[in-house]
Structure formats: C-alpha cells, structure tokens
Amino acid sequence: MFGLAIDVARNTFRRPFQLREFIQQCWFVVSVTVLPTALVSIPFGAVIALQIGSLTRQIGAQSFTGAASVLAIIQQASPIVTALLIAGAGGSAICADLGSRKIREEIDAMEVLGVSPIQRLVVPRVLAAMLVSVLLNGMVSVVGVMGGYFFNVILQDGTPGAYLASFSALAQLPDLWISEIKALIFGFIAGIVAAYRGLNPAGGPKGVGDAVNQAVVITFLLLFFVNFVLTTIYLQVVPAKGS
C-alpha cells in the first residue's frame, strides 16, 4: 500500500496527464457524496452545538458556546465527516470499479500493451478524491456552523451576538488551514486504500465484494489514527489565540 502511494505520487507529474478521466472521476465522486455529506453535516453540527451548549450552561460559560462549537466542527467534525463519506461512497465505488477491471483482466491487458494502470486509472481517481474532499470539507464546515448556530440560538435560547463574538475572539485562520489539510490527506488515504484493494482482489466477484468491505474498514481505521496524529502536532505547533 505504501509502495502504491509512492508510485501514485511519482506518476502524478508524468505526462500525459489524464485530464478527461480526472474530470469524470471528480464528477462521479461529487455525485455520490455531496447529498449524503450535506445531510449528515446538519445533525452532526446540531448535536455538537446542543451538547456543548448544555455543558457550558452547567459550568456557567455560555459566552464561549460559539467558539467551542465552531472550533469542534471545523477542526474535527468537518474533515472526519467528509472523509467517512468519501471513503464509504466514493472509495467503495473506486475499489469496485478497479476490482471488476482486475478480475476481467483489463489491468493485465493494459500492462501487456505498455500502458501504466497507475498513471491511467489510479492517479486520476486519487486526485479526484483529494480535490472533492477539500471542497466538501468547506461545505460541511459552513453547513455545520450554520446548523450549530441555529440550534444553539433557537432551541437553547442562546445570544446571537455572544455566539459570534466568542467565535471571533478564539478562532484563528490556522484552524481552517488544518481542517483543509486534514481533508486533503484523508482524501489521499481513501483513494490509495480503495485503489490498492481494488487492484488486489482475492479473485472472482466475491473477492471484489470482500475487497470493498476491507477498503472501507481499513480507511476508517487509518483516518482516525492520522487525525489523532495531525491534531496532536497542530496543538503543539500552533499556539492558541490569545495565549
């Protein structure tokens, strides 16, 4: 899997670049992920806002509800939700497509003809997953923050001014950058794992189905581990605002 990641990085800069395949894969990944991602981000942001709002009310820190909710959504929830949908919907489709090509011996035929399946098939799909992850992460951030604002102000009688003021007082631009960096890395991981399992099925249609299931599970495990590492590095390197 790590070897495939290196090959993808190397073949990304080789000519000719498969632009048409890249655009088709971007549109395909968007078509299968954008609606589920939008629907998931609304209750996700609402749950975080309601939980944090209830906790801050208990300790008498209602004025910090906005900052805590928005930072939790942007730094943690948004890239995780995006990555889970990219891996669950887009990654599984990529794995199934490559796996079906493998068992039909299309991949072997391309290698015999001297065509690199990594450059021709894998690179456009991985880059598409990365680009769509970054774009969906921005959408999830906006929808999640709006949902958190609505539920905190409407259901918990929060103050709109205090919600926005605490957010502007504690949030900083690197919080958005780390969110986008996470989404970019998560999209790369989802694409690589899906491509690796799709290119190495056990054999037959059942092997392709098993490869899809394994790709989703492996991606989820790697995402949570990498998220922990990135969050730890970010909190150590970037000082909190006002500290």
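Details of the structure are given in the entry above.
Residues numbered from 1 in each chain as written. Predicted model: local features only at pLDDT ≥ 70, side-chain atom pairs only at ≥ 80, totals over all residues. Heavy atoms only, no water.

Is there a simple way to think about the overall build of the protein chain in this case?
The helix and strand tally for the protein chain stands at eight helices and zero strands. Considering only C-alpha atoms, the protein chain reaches an extent of 70 × 35 × 30 Å along its principal axes. Buried residues in the protein chain amount to 45% of all 243 residues. Long-range contacts, defined as pairs at least 24 residues apart, comprise 86% of the intrachain contacts of the protein chain with a sequence gap of at least 6. About 12100 Å² of surface is accessible on the protein chain, with carbon and sulfur atoms providing 71% of the total. (Helix = DSSP H or I, 4+ residues; strand = E, 2+ residues; numbered from the N terminus. Buried < 20%, exposed > 50% of the residue type's maximum accessible area, 1.4 Å probe, protein only. Contact = heavy atoms within 4.5 Å. Areas by Shrake-Rupley, 256 points an atom, 1.4 Å probe, with all protein chains shown as cover.)

Honestly, the nonpolar core in this entry has me stumped. Any pointers?
The tendency in soluble globular proteins is for nonpolar side chains to be buried as a group. By size, the foremost hydrophobic cluster in this structure holds 33 residues, and its most contacted members are Val8, Leu98, Ile118, Val122 and Phe186. For this core, the secondary-structure elements that each account for two or more residues are helix H1 (2-11), helix H2 (19-58), helix H3 (65-103), helix H4 (106-112), helix H5 (117-155), helix H7 (173-199) and helix H8 (204-237). Looking at this core element by element, the count peaks at eight residues for H5. Ignoring any residue separated from it by four or fewer positions in sequence, one finds Ile118 in contact with Leu4, Asp7, Val8, Asn11, Val123 and Leu199. If you look at the next biggest cluster of nonpolar residues, it comprises seven residues, including Ile86, Ala87, Val132 and Leu136. (Core = buried A, V, L, I, M, F, W, Y, C linked by side-chain atoms within 4.5 Å.)

Where do I start with the state of the cysteines in this structure?
Cysteine pairs can be covalently joined through their sulfur atoms, and such a bond is termed a disulfide. The final tally for this structure, using the stated rule, is zero disulfides. Of the cysteine sulfurs around Cys26, a residue in no disulfide, the closest is that of Cys95, at 19 Å. Owing to a relative accessible area of 11%, Cys26 belongs among the buried residues under this scheme. Judged by its relative accessible area of 1%, Cys95 falls in the buried class. (Disulfide = S-S within 2.5 Å.)

Which parts of the structure should I look at to understand the environment of Ala67?
Residue placement: Ala67 occurs in helix H3. Judged by its relative accessible area of 1%, Ala67 falls in the buried class. Considered as a pair, Ala67 and Ala171 are 104 residues apart in the sequence and their alpha carbons are 6.7 Å apart. Setting aside residues no more than four positions away along its own chain, Ala67 makes contact with Tyr163, Ser166, Phe167 and Leu170.

I'm lost on a nonpolar patch on the surface in this one. Help?
On the surface, a cluster of nonpolar side chains totalling about 520 Å² of accessible area is made up of Phe225, Phe228, Val229, Ile233 and Val237. When you line up the elements, Phe225 lands in helix H8. On the basis of relative accessibility, which here comes to 54%, the residue Phe225 falls in the exposed class. (Patch = residues over 30% accessible without salt bridge, like charges linked within 9 Å, V, L, I, M, F, W, Y side chains within 5 Å. Salt bridge = Lys/Arg side-chain N within 4 Å of Asp/Glu carboxyl O.)

Please explain the side chain of Asp175 as it appears in this structure.
Among the structural elements, Asp175 can be located in helix H7. Sequence-distant contacts of Asp175, that is, excluding residues within four places in its chain, are made with Leu71, Ile74, Gln75, Leu170 and Tyr234.

Can you walk me through the packing of aromatic side chains in this structure?
Think of a pair of aromatic rings as described by two things: how far the centres are apart, and how the planes are tilted against each other in angle. Counted under the stated rule, the structure contains one aromatic pair. Pairing Phe17 with Phe22 gives two aromatic rings, centres 5.9 Å apart and planes at 55°, and the pair type is tilted. Residue class for Phe17 comes out partly exposed when judged on its relative accessible area of 34%. (Phe/Tyr/Trp six-rings, centres within 6.5 Å; stacked < 30°, edge-to-face > 60°.)

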